[in-house]
Amino acid sequence: MKNHIKLVVIMLTLSTMLFASDGKKYGKEIGLKEKTKISEVMSKPETYIGKKVLVEGTVVNVCEKRGCWIELSSDKKYETIKVKVNDGEIVFPMESKGKIALVEGELYSIDNKETKEHKENCTEDKSNCSEEKAKSDCSDHKSEKTYLLKGLGAVIK
């Protein structure tokens, strides 16, 4: 009898641990099974535009106003990807910061107007830049596009 009770307690404990490890779900159910590294998406973003991907990373930032976006750290140092959702459809809690998130979404890009203006200023009037600054700031531009993931579903552990 004692062995049966111990077995039941162990099974309940294990099932609770397994259920708890699933995390809190947001939005739609995740349908993709295969994860894509964030660094892979960011190294060749144009090949992923309009496609659904499943990424995983630590939540490093959360929208403080509406919980309408989270930023995930990449597997590559100092690289992140922002996951944006439609306001009100998903609300990411501030407590998500520091937790692991599994997110399914569709990659899209937006034009980075500030980068374009900076590039134009440096190419038209380099007198505003010192020679050294012109080499570092004006010749080595960031991407003219910012890549984001339109979040469809997420699990935060």
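You'll find the structure just up there.
Scope of this entry: the structure provided in the associated data block.

Criteria and cut-off values
Residues take numbers from 1 onward in each chain, read along the sequence in its written order. Given that this is a predicted model, residues contribute local features only at a pLDDT of at least 70 and side-chain atom pairs are listed and counted only at 80 or more, while totals for whole chains, interfaces and linings are drawn from all residues. Note: side-chain values were computed over all heavy atoms of the structure, leaving out hydrogens and water. Two aromatic rings, drawn from Phe, Tyr or Trp (for Trp, its six-membered ring), form a pair once their centres lie within 6.5 Å of each other, and the interplanar angle then sorts them: stacked below 30 degrees, edge-to-face above 60, tilted otherwise. Strands here are runs of E lasting at least two residues and helices are runs of H or I lasting at least four, both read from the DSSP assignment and numbered beginning at the N terminus. Each residue gets one of three labels from its accessible area relative to the maximum for its type: buried under 20%, exposed over 50%, partly exposed in between, using a 1.4 Å probe on protein chains only. Distance and angle both matter: a charge sits over a ring if NZ of Lys or CZ of Arg is within 6 Å of the ring centre and within 35 degrees of the ring normal. Being paired, for any two strands, means DSSP has found at least two bridges between them. Contacts were defined at the residue level, with two residues in contact if any of their heavy atoms lie within 4.5 Å. For our purposes a nonpolar core is just a set of buried Ala, Val, Leu, Ile, Met, Phe, Trp, Tyr and Cys residues, chained together by side-chain atoms within 4.5 Å.

**Quick word on the packing of aromatic side chains**
Enumeration according to the criterion identifies one aromatic pair in this entry. Centroid distance Y26 to F92: 5.7 Å. Interplanar angle 50 degrees. Geometry classified as tilted. Pair noted here: Y26 is in strand β1 (residues 24-27) and F92 is in the loop between β4 (80-84) and β5 (100-111), with a separation of 66 residues, a long-range link. This pair shows no difference in class: Y26 is buried, exactly as F92 is. The cationic tip of K24 hangs over the ring face of Y26; the distance from NZ or CZ to the ring centre is 5.5 Å. Above the plane of the ring of W69 lies K82, whose end atom (NZ or CZ) is 4.0 Å from the centre.

**Notes on the pairing of strand β2 (residues 52-62)**
When β2 meets β5, the two strands line up antiparallel, connected through seven bridges. By the bridge assignment for β5, V53 is matched with G105. With three bridges connecting them, β2 and strand β3 (residues 69-73) associate as antiparallel partners. Within the sheet, the bridge partner assigned to V62 lies in β3 and is I70.

**Details of the environment of M94**
Looking at where M94 falls in the secondary structure, it is placed in the loop between β4 and β5. Taking the relative accessible area as the measure of exposure, M94 reaches 36% and is therefore partly exposed. Residues within four places of M94 in sequence aside, it is in contact with V62, C63 and E64.

**Some details on the nonpolar core**
Within the largest apolar cluster, 25 residues are counted, with the highest numbers of intra-cluster contacts made by V55, I70, L72, F92, V103 and L149. Sequence-distant contacts of I70, that is, excluding residues within four places in its chain, are made with V59, N61, V62, I81, K82, V83, F92, A101 and V103.

**Examining the side chain of S74**
Following the sequence through the fold, S74 ends up in the loop between β3 and β4. Overall, the relative accessible area of 12% leaves S74 in the buried class. Ignoring any residue separated from it by four or fewer positions in sequence, one finds S74 in contact with I38, S39, E79 and T80.

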